[in-house]
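# An overview of the molecular structure
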Amino acid sequence: MSKLVTIFGGSGFVGRYIARRLAKEGWRVRVAVRNVNEAMFVRPYGVVGQVEPVFCNIRDDASVAAVTTGADVVVNCVGVLDEIGKNTFDAVQAEGAGRIARIAAEMGVARMVHVSAIGASADSASAYARTKAAGEAAVLAAMPEAVILRPSIIFGPEDQFFNRFAGMSRLGPILPVVGAETKFQPVYVDDVAAAATNAVLGKVPAGTYELGGPGVHSFRDLMQIMLRVIHRRRLVLNIPFWAANVMARGFGLVRFLSAGLVKPPITRDQVVNLRADNVVSEDARGFADLDMRPTALEAVLPDYLWRFRPSGQYDAIKDSAKNLKT
């Protein structure tokens with residue numbers, strides 16, 4: 001019988017790519033999610049019954065145990081960029097990750113792969129980064145042989161980074177950013193999925209790996225690359241951190257007064273995170289140690305950002321038509 005993997009957050013941005021790859025490897029894939037109806041798109045990744053979305057609340061022991069039963073390997077891709085209701089950083093990224101690892105260990109699961117993030121640190125001023133570090137520690141306490149993947153900012157068709165700013169570029173001549181000189185090392189989502197898949201297959205030694213793409217760019221440079229891809233000229237305006245903090249406080253108040261109905265474009269914790277570079281450490285293990293070559297940003301962005309061009313898919317045709325003689 002085919003082996004079974006449970007992927008927590010398997011319908012999310014990274015999880016869906018891991019699910020697809022493991023299905024192609026012949027594994028049965030259990031996709032553990034909060035909303036099963038919104039995860040039905042993963043079922044065609046394999047043959048009938050091979051990939052199944054199931055309900056799971058990682059804040060509850062019984063729920064995690066139910067979806068872990070019978071699994072040979074577990075993968076945790078669950079994370080939050082903003083706290084909403086009971087899904088706080090601590091509940092999801094620290095306690096949730098630890099719960100998955102503890103129950104997996106109790107059930108004799110062979111391996112665990114945990115997707116964390118570059119910048120995870122118990123000493124960070126950011127609650128996001130601190131809870132990522134706490135989650136890693138909890139995973140290793142229960143599953144010492146776990147593989148932990150720390151990607152930099154991840155890009156791909158469903159990303160919330162380039163898609164978001166490309167959409168903002170259509171609103172006016174100015175594109176505001178916070179931390180324009182902060183460095184990033186964007187990594188392609190399917191490269192992260194490939195690393196996770198190899199870890200599930202037992203091809204990756206236990207330990208922590210920091211995953212970054214082949215290029216290091218400032219936030220401003222990334223916006224300029226994106227703007228060239230979507231054929232738009234915009235002024236990339238840096239918002240000072242002090243001003244961003246004031247804005248984040250204001251947005252937080254609006255969110256509170258609206259009972260959470262209004263989602264802030266930036267939070268105070270995100271402002272804190274943007275103060276630190278998000279690149280692979282010099283002494284960290286990475287793609288080279290996995291015998292992998294990461295995909296360049298420029299090779300992928302045009303494949304999914306073309307819809308933000310002034311004329312969408314017809315932009316290149318219209319540009320070429322200008323050279324025709326009348």
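That block above? That's the structure.
Residues numbered from 1 in each chain as written. Predicted model: local features only at pLDDT ≥ 70, side-chain atom pairs only at ≥ 80, totals over all residues. Heavy atoms only, no water.

### Some points on the side chain of Glu 210
Spelled out, the test is: Only DSSP runs of H or I reaching four residues or more are called helices, and only runs of E reaching two or more are called strands; each is numbered from the N terminus. Nitrogen and oxygen atoms within 3.5 Å of one another constitute a polar contact, given that in protein one can donate a hydrogen and the other can accept it, and given that sequence-neighbouring residues count only through two side-chain atoms. Note on definitions: a residue-residue contact is assigned when non-hydrogen atoms from the two residues lie within 4.5 Å.
Tracing the backbone through its elements, the reader meets Glu 210 in strand 11 (residues 207-211). Among the polar contacts listed, one links the side chain of Glu 210 to the backbone nitrogen of Ser 281, at a separation of 2.8 Å. Leave out the neighbours within four places in its chain, and Glu 210 touches Ile 118, Arg 150, Val 279, Val 280, Ser 281, Ala 284, Arg 285, Gly 286 and Phe 287.

### Notes on the packing of aromatic side chains
Going by this rule: Note on aromatic pairs: the rings of Phe, Tyr and Trp (six-membered ring only in Trp) are paired at centre separations within 6.5 Å, and the planes decide the class, stacked below 30 degrees, edge-to-face beyond 60, tilted for the rest. Relative accessibility decides the category of a residue: with a 1.4 Å probe and only protein chains considered, values under 20% of the type maximum give buried, values over 50% give exposed, and everything between is partly exposed.
Under the counting rule described, the total for this entry stands at 9 aromatic pairs. An angle of 80 degrees between the planes, with centres 5.9 Å apart, marks the rings of Phe 89 and Tyr 128 as edge-to-face. Of the two residues, Phe 89 is situated in helix 3 (residues 89-106) and Tyr 128 in helix 4 (residues 127-142); the sequence distance between them amounts to 39 residues. With a relative accessible area of 5%, Phe 89 lands in the buried category. On the numbers, 4.9 Å between centres and 80 degrees between planes, the contact of Phe 161 with Phe 162 is edge-to-face.

### Some remarks on the nonpolar core
The following threshold applies: Among the buried residues, those of types Ala, Val, Leu, Ile, Met, Phe, Trp, Tyr and Cys that are joined through side-chain atoms within 4.5 Å form a nonpolar core.
With 73 residues, the main nonpolar core has Phe 162, Met 223, Met 226 and Leu 305 as its most contacted residues. The greatest single-element share of this core, amounting to 8 residues, is contributed by helix 6 (residues 189-200). In this view, Met 226 contacts Phe 162, Phe 165, Ala 166, Leu 175 and Leu 305; residues no more than four positions away in its chain are not counted.

### A few points about the sheet that holds strand 1 (residues 4-8)
Defined as follows: Pairing between strands requires that DSSP locate at least two bridges from one strand to the other. Axes here refer to lines fitted to C-alpha atoms; in helices the fit is confined to the stretch in contact. Angles between the N-to-C directions go from 0 to 180 degrees.
Spatially, 3-2-1-4-5-6-11 is the arrangement adopted by the 7 strands of the open sheet, whose pairing is parallel. Each edge of the sheet is formed by a strand with only one pairing partner; in this case those strands are strand 3 (51-55) and strand 11. Taking the axes of each pair of neighbouring strands and ignoring which way they run, one obtains an average angle of 20 degrees across the sheet. Where helix 2 (residues 61-68) meets the sheet, its contacts fall on strand 1, strand 2 (28-33), strand 3 and strand 4 (73-76), and the angle it forms with strand 1 comes to roughly 145 degrees.

### Regarding the environment of Val 80
Among the structural elements, Val 80 can be located in the loop between strand 4 and helix 3. When the C-alpha positions of Val 80 and Leu 261 are compared, they lie 17 Å apart, and in sequence the two are 181 residues distant. Residues contacting Val 80, with those up to four places away along its chain left out, are Asn 87, Thr 88, Phe 89, Val 92, Gln 93 and Tyr 128.

### Observations regarding unusual backbone geometry
Not every positive phi belongs to a glycine, and His 231 is a case in point at roughly 60 degrees. The residue His 231 is located in the loop between helix 7 (219-229) and strand 13 (235-239) in this model. Of note in the backbone geometry, Asp 291 takes a positive phi value of approximately 55 degrees without being a glycine. Within the element layout of this structure, Asp 291 appears in the loop between helix 9 (268-273) and helix 10 (301-305).

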